[in-house]
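As a plain string of letters, each chain reads:
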Amino acid sequence: MPADRAAGRVGPGLPGGRGGPLVRRCPPERASDGEPEWVGGGEPEWVGGGEPEWVGGGEPEWVGDGEPKRASDGEEVAAMSPAQDVAALTRAASDAADRALADVDLDRAVAAIERLGRVALASMLDALRRRGLFTAPGDRHTVQEVLTRAHVVPEHRGLIRRWLTVLTREGLLAEDGGWLCATPGAAEATGPALDRAWAWIGTEWRAAMGAALTIEYARRNAERLPDLMTGAVPAFMLLFPEGGMRLARALYRESVTARYQHGAVAALVAEIARRRRPEQGPERRPEQGPERRPERGPEGRPERGPEGRPERGPERGPEGRPERGPEGRPERGPERGPEGRPVQGSERGPVRILEVGAGTGATTEAVLPALDGVAADYLYTDVSRYFLDRARERLRDRAWVRFARLDIDADPGPQGYAPGSFDVVVGGGVLNAARDTDASVRWLAGLLAPGGWLVLSEPTVEEYWVMTSLAFMMADPGDGRAETGATFLTLDQWHAVLDRAGLRRAVTLPGAGHPLERLGHRVFAATTGDGPGAVSPDLAQL
Ligand SMILES: C[S@@+](CC[C@H](N)C(=O)[O-])C[C@H]1O[C@@H](n2cnc3c(N)ncnc32)[C@H](O)[C@@H]1O
């Protein structure tokens, strides 16, 4: 381990570390501006340009030829015991994930990621100082005062409250009887020192990860934090500058955690698909040929909305609004036709895979090649048509990949997805965007056929750099995060979510002792456990 990590140093000019004092006391000086103010009546003015238009609202679109990919000749279906299945599955995923990092100096990469967190933390304090708060020793403010003086718009107040909690927890602020103040030395981490820290982290990141677009994006957000807080700059403009996906694509590909997760998820999906024994599964109806529907609207129609706002759910109309749900499964199967008929996976043979929140396609790009030689029908979904349009273009040579819109914040049934109609449901870093993780996981579990698998990758620790960037696009959750305001569910909370959905947990990676374990990103595989792919209950907690 590098000496600076061992000593708990986290980067130039950045004090403390996670082991620092949780709460220090404010100095006894008077607050600069008198008694705390009750601001119940005075909402800060929202200076933003209004709510960005969301890309949803149209009919779901099924594109692609819709022909499932056929198995290559001579494919063998492995016959293994449940115990062997889970152990082999775990090993295959773990090995593949590690192979994806073969050329990376992991210690350096992990240190760079941890330092990014500290730089982001200092950027929070810096942003508040740029708003005139905590500028002099002895300046102290209540939480409410911070929100008012920084002109934080209502939708970001939960996030900024959380900032204050983590700044206090990490020792940059101290709390005393409801007053917050900057701790001695904390201010030195802001201003020019912060500029140097960002430059340094950029160099480190590039050295470890081979590219530094993530840092470019994170730094750009840090610089604009005062405007993000007030809504003057919508966060999606920073993620999709000029409507381009360059930064978003980098975010989900560049870091070691992303590479690890894609490797593990791809191996899990491929192994599950290869082990599936269709002859033991539910009887499938005969397959019918694809039927193309005309595409709706020209590419990139301006009325389709902004290039982004990907993290927050779509506009939520009343239940069952006609524009919310697919009009059946138009491309294959006897059930296509009348509006509102269920969407099904393919009818026979090919493993039916549904990806939710597929977005820029980082997970997809890892999974599709891993399915080489497997008969598969892949349904690429997202809530945002912006992503679907681009994915359709990028993946046009993969005729067995189909595209549709699916909102994980709503029951898939009324959206036209039939229960039990997929063998594998994959979600790469999307479930944290759910308003109610329990509800979304239950809905996805309901889409699984007996013996089906849910394969997810998710962060399970608070990420400070996400709190200064992507979190400005995330809706306030109504689940286990609501109480604390945390951006992500913890590992224990995740396990509980999977359990409550009636799934059997089989794989959680990386395991204890892995160099990436401390970063808290996890890959989960859980099964309905009542079909041909079932694992035995005693293995469910492996
Ligand atoms: C962090 S990205 C996931 C990364 C993605 N796997 C990729 O490779 O780009 C989150 C994705 O979830 C999608 N999303 C957000 N809210 C959603 C919802 N309610 N239903 C479905 N997808 C949603 C976003 O549009 C975005 O594509």
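Scroll up to find the structure this text is about.
Residues numbered from 1 in each chain as written. Predicted model: local features only at pLDDT ≥ 70, side-chain atom pairs only at ≥ 80, totals over all residues. Heavy atoms only, no water.

Novice: I would appreciate a short explanation of the sheet that holds strand β1 (residues 140–141) in the present structure.
Specialist: Across the sheet, three strands lie side by side as β1-β3-β2; this open sheet has antiparallel pairing. Two strands in the sheet have a free side with no partner beyond their single neighbour: β1 and β2 (173–176). Of the pairings in the sheet, the one linking β2 to strand β3 (residues 179–182) comprises four bridges and is antiparallel in character. In the strand pairing of β3, D176 is matched with W179. (Pairing = 2+ DSSP bridges. Helix = DSSP H or I, 4+ residues; strand = E, 2+ residues; numbered from the N terminus.)

Novice: Whenever I open this one, the nonpolar core confuses me. Can you help?
Specialist: Soluble globular proteins: nonpolar side chains tend toward being buried together. Grouped together as the largest cluster of nonpolar side chains are 114 residues, with contacts concentrated most on W163 and L371. For this core, the element with the highest residue contribution is helix α3 (residues 106–130), accounting for 14 residues. Once you skip the residues sitting within four places of it in the chain, W163 turns out to touch M124, A127, L128, L225, M229, M467, T468 and F472. In terms of nonpolar packing, the next biggest core, distinct from the first, is built from 27 residues, L406, L447, V497 and L498 among them. (Core = buried A, V, L, I, M, F, W, Y, C linked by side-chain atoms within 4.5 Å. Buried < 20%, exposed > 50% of the residue type's maximum accessible area, 1.4 Å probe, protein only. Contact = heavy atoms within 4.5 Å.)

Novice: Would you take a moment to explain the environment of Q493 for this structure?
Specialist: Looking at the secondary structure, you find Q493 in helix α16 (residues 491–500). Since its relative accessible area comes to 26%, Q493 is described here as partly exposed. Those residues in contact with Q493 that lie beyond four places of it in its chain are G480 and F488.

Novice: Looking at this structure, I do not really get unusual backbone geometry. What am I missing?
Specialist: What you tend to see is this: most non-glycine residues have negative phi, and most peptide bonds are trans. Of note, the amide linkage connecting L509 to P510 takes the cis form, showing an omega dihedral of -5 degrees. Backbone geometry places F134, a non-glycine residue, at a positive phi of 55 degrees. Position of F134 relative to the elements: it lies in the loop between α3 and β1. What makes F134 buried here is its relative accessible area of 1%. Despite not being glycine, H151 shows a phi value in the positive range, around 55 degrees. Looking at the element boundaries, H151 is found in the loop between α4 (143–149) and α5 (154–169).

Novice: Before we go on, may I ask you to explain the pattern of salt bridges in this structure?
Specialist: Any two side chains of opposite charge can pair, on the condition that their charged atoms come close. Applying the stated criterion across every chain, the model contains 22 salt bridges. Residues R246 and E216 are paired through a salt bridge, measuring 2.9 Å at the closest nitrogen-oxygen approach. On the criterion of sequence distance, the pair formed by R246 in helix α10 (residues 246–251) and E216 in helix α7 (residues 213–223) is long-range, its members being 30 residues apart. Close ionic contact of D227 with R224 constitutes a salt bridge, the shortest N to O distance being 3.2 Å. Overlapping salt bridges bring together R249, R253, E365 and R394 as one network. (Salt bridge = Lys/Arg side-chain N within 4 Å of Asp/Glu carboxyl O.)

Novice: For this particular structure, what's the right way to read the packing of aromatic side chains?
Specialist: For any pair of aromatic rings, the description consists of the separation of the ring centres together with the inter-plane angle of the planes. What the rule picks out here adds up to eight aromatic pairs. Taking the centre distance of 5.4 Å and the plane angle of 80 degrees together, the rings of F240 and Y386 count as edge-to-face. Highlighted residues: F240 in the loop between α9 (235–239) and α10 and Y386 in helix α13 (residues 385–394), separated in sequence by 146 residues. Side by side, F240 and Y386 carry an identical accessibility label, which is buried. Judged by centre distance (6.5 Å) and plane angle (90 degrees), the rings of Y378 and W400 are edge-to-face. With a gap of 22 residues between them, Y378 in strand β5 (residues 376–382) and W400 in the loop between α13 and β6 (401–405) connect regions that are remote in the sequence. (Phe/Tyr/Trp six-rings, centres within 6.5 Å; stacked < 30°, edge-to-face > 60°.)

Novice: Help me out: how do you make sense of the pairing of strand β7 (residues 422–428) in this one?
Specialist: Across a regular strand the side chains alternate sides, sitting on one face of the sheet and then on the other. Of all seven residues making up β7, six are buried, and the element is well covered by its neighbours. With four bridges connecting them, strand β4 (residues 351–356) and β7 associate as parallel partners. Residue V356 lies in a different strand from β7, and its bridge partner there is G427. Bridging between β7 and strand β8 (residues 448–459) involves six bridges; their strand directions are parallel. If you follow G427 over to β8, its bridge partner there is L456. In the classification by handedness, the crossover that spans β7, the intervening helix α14 (residues 437–446) and the parallel β8 is right-handed. (Right-handed = clockwise from strand over helix to strand, strands pointing away.)

Novice: Before we go on, may I ask you to explain the sheet that holds β6 in this structure?
Specialist: Adjacent strands of a sheet pair through backbone hydrogen bonds, lying either parallel or antiparallel. Read from one edge to the other, the open sheet built from seven strands follows the order β6-β5-β4-β7-β8-β10-β9, with strand pairing classed as mixed. If you trace the sheet from one side to the other, it starts and ends with β6 and β9 (504–509), each paired once. Direction aside, neighbouring strands of the sheet carry axes that sit 20 degrees apart on average. The pairing of β5 with β6 spans five bridges and is parallel. Looking across to β6, one finds that Y380 is bridged to F403. Contacts between α14 and the sheet are confined to β4, β7 and β8, with β8 contributing the most and set at about 145 degrees to the helix. (Axes fitted to C-alpha atoms, helices over the stretch in contact; angles between N-to-C directions.)

Novice: Just to check I follow, could you spell out α16 for this structure?
Specialist: Each α-helix turn comprises 3.6 residues. Residues three or four places apart therefore point the same way. Within the span of α16, buried status applies to W494, H495, V497 and L498. Within α16, the buried residues cover an arc of 155 degrees as seen down the axis, which keeps them to one side. Away from its buried face by more than 90 degrees, α16 exposes D492 and R500. Directly beyond the C-terminal end of α16, a positive phi value near 80 degrees is found at G502. (Arc of directions from axis to C-beta.)

Novice: Where do I start with the pairing of β4 in this structure?
Specialist: Of all six residues in β4, six are buried, a share of seventy percent or more. Burial of the side chains of β4 extends over both faces: V351, I353 and E355 are buried on one face and R352, L354 and V356 on the other. Relative to β5, β4 is paired through five bridges, and the arrangement is parallel. By the bridge assignment, I353 is partnered in β5 with Y378. Handedness of the β4-helix α12 (residues 362–370)-β5 crossover: right-handed.

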